[in-house]
Amino acid sequence: MKKITSVCPYCGAGCKLKLVVEKNKIVRAEAAEGVTNQNQLCLKGYYGWDFLNDTRLLTPRLTQPMIRYQKGGKLEPVSWDEAIRYTAERLSDIKAKYGPRAIMTTGSSRGTGNETNYVMQKFARGVLNTNNVDCCARVCHGPSVAGLQQTLGNGAMSNSISDIENSKCLLIFGYNCADSHPIVARRVIKAKQNGTRVIVCDPRKIETARIADRHLQINNGCNMALVNAFIYTLLEENLYNSDYVAQYTEGLDALRDTVSDYAPENVEDITGVTAKQIREAMRIYAAAPSATVMWGMGVTQFGQAVDVVKGLSTLALLTGNLGREHVGVGPVRGQNNVQGACDMGVIPNQFPGYQDVVDPQVREKFARAWGVDPALMDDQVGVRITEVPHLALEGKVKAYYIMGEDPLQTEADLGLVRKGFEALDFVVVQDIFMTKTAEAADVLLPATSWGEHGGVFTCADRGFQRFEKAIEPQGNVKRDWEIISLLATAMGYPMHYRDNQQIWDEMRELCPLFFGVTWEKMGDMGHVQWPCPTLDHPGTPWLYEGNRFDTPSGKGQLFAAKWRKPAEVPDADYPLVLCTVREVGHYSCRSMTGNCAALQTLADEPGFVQINPQDAERLGVTDRQLVWVSSRRGKVISRADVSERINQGAVYMTYQWWIGACNELTQDNLDPVSKTPETKYCAVKLEAIADQ
Ligand code: SF4
């Protein structure tokens with residue numbers, strides 16, 4: 001029996017654990033002393049490993065390369081040589097016929113690690129010559145990255161998970177940490193026990209609302225109006241830090257002007273909370289000696305998400321809650337390595353280390369390092385994954401190489417996504433399970449899983465952490481970066497890496513932000529937070545020391561915007577708001593947690609639709625009754641979960657279920673900047689199913 005140190009492959013909390021291995025099987029997981037988790041795990045950390053033992057509960061593990069030679073034909077097992085030859089030939093043909101931008105690729109925010117993401121974007125940019133590479137950040141915290149880069153300079157948490165409990169005020173906005181990051185929720189509880197004032201803005205009575213000093217039970221879809229009213233209050237009541245604002249920020253006059261119509265008394269109807277509640281919340285926030293804003297998908301999955309992120313960072317700027325310990329802004333990233341996927345440049349606008357693709361000097365640097373003609377490098381921002389269905393239907397994207405993502409389960413308006421897939425000429429899926437997307441592939445490339453390889457993840461607070469291989473893989477599978485390298489070589493760009501460390505060293509040589517994060521330093525310290533620019537640098541627990549921001553002027557950018565209604569509001573036909581949410585026992589598309597026996601037993605139904613008792617009574621729906629949920633785009637079956645915690649007029653569903661996936665109902669109103677869909681808001685109706 002041996003114990004292998006790893007990092008949990010689920011959420012961005014980055015919990016360290018030990019996998020106990022016997023005869024090449026995982027027998028249990030134990031909590032380890034990680035910086036973020038302090039010897040604690042949630043149930044996914046403790047029980048989320050047994051898909052590695054191939055329990056085959058939900059979907060089969062992919063163990064063999066397969067090709068579907070004819071559209072509509074069957075997937076046939078083939079050798080790796082044939083899979084690589086065929087894929088390389090088809091991608092080369094499409095590139096030659098339609099150009100590099102006709103091919104879309106993805107990195108993965110899951111268990112594959114940073115090195116693979118680096119290699120994937122190198123393949124896209126250096127071999128295919130396109131910036132069409134993206135990841136699931138697009139459908140979650142893409143707005144946090146875009147918004148914070150504009151106002152503060154870095155699209156990441158400014159603070160550390162371990163420092164949350166030291167803040168004297170937590171403003172928690174659209175973020176249900178108890179379900180999405182249970183170990184971060186522990187920090188919130190510890191903060192409360194230390195006397196921290198907790199303000200929660202959320203339409204539901206989520207767990208955190210139970211311990212909050214103030215719960216603003218807001219209307220769905222009001223975020224920008226509420227943030228404007230917060231800013232208005234800070235300015236009108238002189239609660240803001242005028243010295244700090246004068247010295248370290250820009251845009252105060254425009255800010256005053258924009259929020260002038262948003263007196264709390266003017267927005268009670270929009271927000272659903274009283275002016276008194278709004279004003280009191282800001283008085284608490286501004287008076288605290290240290291304050292932190294935390295947010296999640298309840299901010300980012302809206303058509304006006306980037307504006308709200310910029311507004312939330314403005315609250316921190318107005319009150320001087322940046323540039324020191326115990327304060328800051330915390331977009332708590334969802335998947336375990338979504339921060340890392342962005343760090344490694346699997347985003348269409350930036351190379352690894354957040355270096356712009358439109359900067360000729362940056363392009364030249366990467367091209368020279370990779371031995372690629374700089375003239376071949378794409379000089380335009382690439383396609384985002386949420387644009388693929390539209391561009392496929394327009395005939396502009398022809399091939400899609402998807403690694404460790406499941407867009408046919410996780411993206412908004414699945415009917416549209418399916419039509420887009422049908423219009424594609426060629427779909428390659430590199431994954432570990434037969435996901436919904438894998439079922440639609442022309443080529444399946446089976447990869448090793450977390451547990452079967454080592455690497456580096458970045459957790460939500462910018463901390464790089466190494467994880468180790470625990471078991472030998474079963475089946476005819478290969479490492480993700482090895483598969484990509486074989487494809488690159490077959491397409492005429494020889495790519496040969498010895499191991500992860502060689503890839504890592506190549507990456508950090510090209511990224512000033514990460515240069516000092518050596519393999520050995522991660523081994524010694526376990527958690528090294530970027531920026532870490534030099535070999536003797538210890539890493540950066542909090543950003544913006546000296547209140548110097550990484551914006552062009554070095555100043556924080558104050559921002560507000562007029563509130564826009566969500567794209568599809570309830571009406572007589574579809575009178576309820578549907579909001580997508582998370583469920584604590586499962587993760588993302590459920591391909592991993594759904595194949596874990598212990599987690600599966602927690603909830604084995606096709607999901608629940610949470611509804612308020614008054615709405616349920618009006619509709620003749622009782623608790624646990626089967627119901628139809630319909631929108632203008634689809635209809636799914638679900639089971640009613642009647643609860644006082646739910647606000648009237650709205651219902652809530654997870655996207656983790658194969659039957660009754662709520663993304664059949666959602667719509668893809670995209671934020672104009674980040675292109676993130678509005679999966680937190682669309683109009684639906686609910687009907688009881690009588691005969692059960
Ligand atoms: Fe920690 Fe998140 Fe894993 Fe739970 S799911 S153990 S909170 S990393």
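Residues numbered from 1 in each chain as written. Predicted model: local features only at pLDDT ≥ 70, side-chain atom pairs only at ≥ 80, totals over all residues.

Re the sheet that holds strand β20 (residues 463-467)
Ordered by their spatial adjacency, three strands build an open sheet running β19-β20-β21, and the pairing between neighbours is antiparallel. Each having just a single partner strand, β19 (455-458) and β21 (528-529) make up the two edges of the open sheet. Of the strand pairs in this sheet, β19 and β20 are connected by four bridges, and their pairing is antiparallel. Opposite Gly455, over in β20, you have Phe467 as the bridge partner. (Pairing = 2+ DSSP bridges. Helix = DSSP H or I, 4+ residues; strand = E, 2+ residues; numbered from the N terminus.)

Structural notes on the site of the ligand
Surveying the vicinity of the ligand reveals 14 residues, the closest of which are Cys8, Cys11, Cys15, Cys42 and Gly45. Within the residue set of the shell around the ligand, elements represented by two or more residues are α1 (43-47) and α6 (182-193). Counting the residues that make up the shell around the ligand, at least three belong to each of domain 1 (2-53) and domain 3 (142-332 + 553-557). (Near = placed C-beta within 6 Å. Domains from an automatic or database assignment.)

Focus on the sheet that holds strand β1 (residues 2-7)
Ordered by their spatial adjacency, three strands build an open sheet running β1-β2-β3, and the pairing between neighbours is antiparallel. The sheet terminates laterally at β1 and β3 (25-31), the two strands that pair on one side only. Each strand axis lies, on average, 30 degrees off the axis of its neighbour in the sheet, ignoring direction. (Axes fitted to C-alpha atoms, helices over the stretch in contact; angles between N-to-C directions.)

Quick notes on the pairing of strand β16 (residues 399-403)
Of all five residues making up β16, five are buried, and the element is well covered by its neighbours. Residue alternation in β16 divides its side chains into two sets, Ala399, Tyr401 and Met403 and Tyr400 and Ile402, and both sets are buried. As paired strands, β16 and strand β17 (residues 426-431) are joined by five bridges and run parallel to one another. Counterpart to Met403 in the pairing with β17 is Gln430. (Buried ≥ 20, exposed ≤ 12 C-beta atoms within 10 Å, placed from the backbone.)

Describing the packing of helix α8 (residues 223-236) against helix α12 (residues 275-287)
Close contact between α8 and α12 brings their axes to 9 Å; oriented N to C, the two are set at 65 degrees. Like other packed secondary-structure pairs, α8 and α12 cross with a definite hand, here right-handed. Of the residues in α12, those in contact with Ala229, Phe230, Thr233 and Leu234 of α8 are Ile278, Arg279, Met282 and Ala286. (Left-handed = near helix turned anticlockwise from the far one by under 90°. Contact = placed C-beta atoms within 7 Å.)

Section: helix α2 (residues 80-98)
For α2, built from 19 residues, the straight-helix expectation of 27 Å at 1.5 Å per residue is met to within 8% by its first-to-last C-alpha distance of 27 Å. A positive backbone phi angle near 95 degrees is found at Gly99, which sits one or two residues after α2. (Expected span 1.5 Å × (residues − 1).)

Section: α12
Over its 13 residues, α12 runs 18 Å from end to end, which matches the ideal 18 Å to within 8%, given 1.5 Å per residue. For α12, every residue scored as buried is listed here: Gln277, Ile278, Arg279, Ala281, Met282, Tyr285 and Ala286. If you follow the buried residues of α12, they end up packed against β8 (169-173), β9 (197-201), β10 (214-216), α8 and β12 (291-295).

A word on the packing of helix α4 (residues 142-151) against helix α14 (residues 305-318)
Contact geometry for α4 and α14: axes closest at 8 Å, N-to-C directions at 50 degrees. Here α4 is positioned oblique relative to α14, judged by the angle of their axes. The two elements α4 and α14 cross, and the hand of that crossing is right-handed. For the pair α4 and α14, contact is made by Pro143, Ser144, Ala146, Gly147, Leu148, Gln150 and Thr151 and by Ala305, Val306, Val309, Lys310, Ser313 and Thr314, respectively. Per-class residue counts for the contact of α4 with α14 are six nonpolar, six polar and one charged. (Parallel < 35°, antiparallel > 145°, perpendicular 65-115°, else oblique. Nonpolar A, V, L, I, M, F, W, Y, C, P; charged D, E, K, R; others polar.)

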